Amino acid sequence: MFQLSIADLSQCLARRECSSVELARLFLERIRTLNPGLNAVITLDEERTLAAAAAADRRIAAGESGPLTGIPILHKDIFLAKGWRTTCGSRMLENFIAPYDAHVVEKLDAAGMVNLGKTNMDEFAMGSSNETSWFGPVRNPWRLSAVPGGSSGGSASAVAARLAPCATGTDTGGSIRQPAALTGICGLKPTYGVASRYGMIAFASSLDQAGPMAKTAQDLALMLNAMAGFDARDSTSLEREPEDYTRELTRPIKGLRIGLPKEFFAEGVQPAVTKAVEAAIAQYRALGAEIVEVSLPNMGLSIPVYYVLAPAEASSNLARFDGVRYGHRAAEYTDLTDMYERTRAEGFGAEVRRRIMIGTYVLSHGYYDAYYIKAQRVRRLIAADFAAAFERCDVIMGPTSPTTAFELGSRTDDPVQMYLCDIYTIAVNLAGLPGLSIPAGFDAAGLPVGLQLIGDYFSEARLLNVAHQFQLASDWHVTMPSSFAA
Ligand code: GLN
């Protein structure tokens with residue numbers, strides 16, 4: 001049962017083969033027994049979960065259900081969920097109870113999804129390995145000594161271990177796609193502005209985007225149907241006609257033009273990753289796709305540009321954590337300035353402090369033009385590279401991450417090595433495009449490899465179609481870590 005996709009669970013519920021309360025109990029039980037080895041879930045509230053499941057069962061009985069009604073979900077702990085502790089992986093918010101719902105949570109609740117709990121994450125979503133969380137590192141179910149990727153590593157690890165059928169994530173520079181790749185699941189970052197950022201704790205507001213994480217592309221489409229939509233409370237939320245993201249799933253691949261940027265197959269990619277990605281592309285060719293070579297000449301600048309812009313925005317966003325209104329406050333201090341200083345020094349971890357310092361520096365008088373403005377200009381060039389590439393192809397493909405999951409602790413002393421994890425994902429956020437990662441094989445040690453699909457603005461339905469057709473012809477997405485299969 002715990003192996004089933006959302007689409008299949010939904011059928012079981014409709015046929016009354018199971019109830020939502022039974023599903024909630026099943027997954028809560030898996031979390032209880034299996035989560036201690038993973039540390040993927042950090043907050044549970046069984047009473048609330050079971051009450052939501054009972055309400056979903058009543059809706060199903062009344063014939064008022066949709067495809068997500070009664071399906072359990074975990075939320076990354078960056079999303080406010082009313083009455084639930086919401087920590088963002090930080091000591092700063094260790095005991096913070098959300099006073100209202102994020103728009104995404106509100107929409108998924110309205111669709112009848114049942115909140116199972118909150119997932120661990122890198123502190124304030126800053127990281128690529130889930131080792132910066134105040135609540136300790138998350139482990140990868142494929143190998144417990146390895147990281148699950150980050151920052152949505154708790155969501156990824158939980159879905160990979162089948163502690164939940166699906167989860168929410170957020171992606172500022174790769175945080176949905178990279179952990180999805182490292183744990184063998186699917187994750188989609190929508191076009192910037194498709195899902196509202198209201199109630200999603202802000203990291204870098206011009207890059208942050210919420211998205212679904214699940215086992216299949218079809219499930220991502222079902223979730224995105226509920227997550228997307230205009231929200232007046234987010235000024236960057238896009239006012240568009242609602243779309244059905246499942247509408248293109250069955251479209252054949254024949255005639256699809258796949259762009260392969262040579263920059264994605266450069267040095268530094270593990271041979272096993274290249275091999276799996278090339279095999280996936282060969283499979284697409286067999287399904288009738290054409291291959292076009294494209295180039296993204298400024299892609300190499302995406303990491304330096306991101307590490308100016310994201311810290312700049314973070315330093316501004318995180319100024320609100322001052323110990324005055326909510327969150328941690330130092331127990332002892334001499335005056336107001338001392339209170340701010342101690343509170344922030346105690347409340348934030350090392351990576352968050354590093355970002356605040358970089359951000360403050362690049363925004364300061366005298367450096368603003370040299371760093372911040374220049375980075376904004378290069379950001380535009382990166383977006384222009386993609387626009388040129390999409391004149392020649394329908395979808396860009398390549399690896400999601402240059403490596404498979406690495407050992408815990410192996411990169412924590414070297415921030416630059418850690419930042420390089422996102423070399424293939426960050427440009428997508430800088431341009432505001434949609435990107436998707438799907439499982440595409442394993443390395444020799446049995447660790448999953450992710451294939452990244454990047455589309456033009458608002459091409460989510462097509463990306464999901466391209467991913468779904470691959471999943472009809474392959475079974476990487478149904479393979480699960482054997483020690484969690486019992
Ligand atoms: N790993 C990147 C960072 O540390 C991206 C994080 C994210 O997408 N939230 O900033």
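Residues numbered from 1 in each chain as written. Predicted model: local features only at pLDDT ≥ 70, side-chain atom pairs only at ≥ 80, totals over all residues. Heavy atoms only, no water.

Visitor: Would you take a moment to explain the site of the ligand for this structure?
Guide: Looking at the ligand, there are 15 residues lining it, with Gly173, Ser175, Tyr306, Arg355 and Asp422 nearest. Tyr306 has a polar side-chain atom sitting 2.6 Å from an oxygen atom of the ligand. At 3.3 Å, a side-chain N or O of Tyr307 approaches an oxygen atom of the ligand. Protein burial of the ligand: of its 290 Å² of free accessible surface, 100% is covered by the chains. In this structure the site holding the ligand corresponds to the largest cavity. Of the residues in the shell around the ligand, the class split is five nonpolar, seven polar and three charged. (Near = heavy atom within 4 Å. Polar contact = N/O pair within 3.5 Å; in protein donor to acceptor, adjacent residues only side chain to side chain. Areas by Shrake-Rupley, 256 points an atom, 1.4 Å probe, with all protein chains shown as cover. 1 Å grid on protein atoms, 1.4 Å probe; cavity = no way out; pocket = protein on both sides within 12 Å on 5 of 7 lines; lining within 4 Å. Sits in = over half its atoms within 2 Å of the grid points. Nonpolar A, V, L, I, M, F, W, Y, C, P; charged D, E, K, R; others polar.)

Visitor: Just checking my understanding: could you explain the layout of surface pockets for this structure?
Guide: One water molecule sets the probe size; rolling that probe over the atoms shows where empty space is left. Taken as a whole, the largest pocket spans an internal volume of roughly 350 Å³. Contributing to the lining of the largest pocket are 19 residues, with Tyr100, Met200, Ile201, Ala202 and Arg320 lying nearest its centre. Here the lining of the largest pocket is composed, by residue class, of eleven nonpolar, three polar and five charged. Computed from the structure, the second largest pocket encloses a volume of approximately 250 Å³. Lining the second largest pocket are 14 residues, and of these Ser5, Asp8, Thr216, His477 and Val478 sit closest to its centre. At the level of secondary structure, the elements contributing two or more residues to the lining of the second largest pocket comprise helix H1 (6–14) and helix H15 (460–472). Partitioned by chemical class, the residues of the lining of the second largest pocket number four nonpolar, seven polar and three charged. (Points joined across faces, edges and corners; volume = space filled by probe spheres on them. Helix = DSSP H or I, 4+ residues; strand = E, 2+ residues; numbered from the N terminus.)

Visitor: I keep staring at helix H2 (residues 20–34) and nothing clicks. Help me out?
Guide: The periodicity of an α-helix, 3.6 residues per turn, causes residues three or four positions apart to be oriented the same way. Along its 15 residues, H2 runs 21 Å from first to last C-alpha, staying within 8% of the 21 Å computed at 1.5 Å per residue. Contacts from the buried residues of H2 go to H1, strand E1 (41–43), helix H3 (46–61), strand E2 (72–76) and strand E3 (114–119). (Expected span 1.5 Å × (residues − 1). Contact = heavy atoms within 4.5 Å.)

Visitor: Looking at this model, I keep getting lost on the environment of Gly169. Mind explaining?
Guide: Residue position: Gly169 is located in strand E4 (residues 166–171). Counting along the chain gives 18 residues from Gly169 to Gly187, while the straight-line C-alpha distance between them is 8.2 Å. Gly169 has contacts with Lys76, Phe79, Ser152, Ile176, Gln209, Ala210, Gly211 and Met213, leaving out every residue within four places of it along the chain.

Visitor: Quick question: what am I supposed to make of the packing of aromatic side chains here?
Guide: For any two aromatic rings, the description comes down to two numbers: the centre-to-centre distance and the angle of the planes. Counted according to the given criterion, the structure contains 17 aromatic pairs. Aromatic side chains Tyr361 and Tyr367 sit 4.5 Å apart centroid to centroid with 25° between the ring planes, which places their arrangement in the stacked category. Judged by relative accessible area, Tyr367 falls into the partly exposed class, the value being 35%. Clustering of aromatic rings is evident, with ring pairs tying together Phe96, Phe124, Phe321, Tyr326 and Phe348. Taking the ring centre of Phe2 as reference, the NZ or CZ of Arg30 above it sits at 3.5 Å. The lysine or arginine in question, Arg233, covers the ring of Tyr198, its NZ or CZ lying 3.8 Å from the ring centre. (Phe/Tyr/Trp six-rings, centres within 6.5 Å; stacked < 30°, edge-to-face > 60°. Buried < 20%, exposed > 50% of the residue type's maximum accessible area, 1.4 Å probe, protein only. Lys NZ or Arg CZ within 6 Å of the ring centre and 35° of its normal.)

Visitor: Help me understand unusual backbone geometry in this model?
Guide: Backbone phi values are negative for most residues with the exception of glycine, while trans is the configuration of most peptide bonds. In this structure, the amide linkage connecting Gly150 to the following residue, Ser151, adopts the cis form with an omega of 5°. Among the structural elements, Ser151 can be located in the loop between E3 and helix H5 (153–160). Even without being glycine, Cys88 reaches a positive phi, approximately 55°. Secondary-structure assignment places Cys88 in the loop between E2 and helix H4 (103–110).

Visitor: I tried to follow the packing of H2 against H3 on my own but got confused; where do I start?
Guide: Helix-helix packing: each pair is described by the crossing angle between the helix axes and the interaxial distance. Their axes nearest at 8 Å, the elements H2 and H3 cross at an angle of 155°. The angle between H2 and H3 places the two elements in the roughly antiparallel class. Between H2 and H3 lies a crossing of right-handed hand. Facing Ser20, Val21, Ala24, Arg25, Leu28 and Arg32 of H2, the residues of H3 in contact are Glu46, Thr49, Leu50, Ala53, Ala54, Ala56 and Asp57. In terms of residue class, the contact of H2 with H3 is built from seven nonpolar, two polar and four charged. (Axes fitted to C-alpha atoms, helices over the stretch in contact; angles between N-to-C directions. Parallel < 35°, antiparallel > 145°, perpendicular 65-115°, else oblique. Left-handed = near helix turned anticlockwise from the far one by under 90°.)

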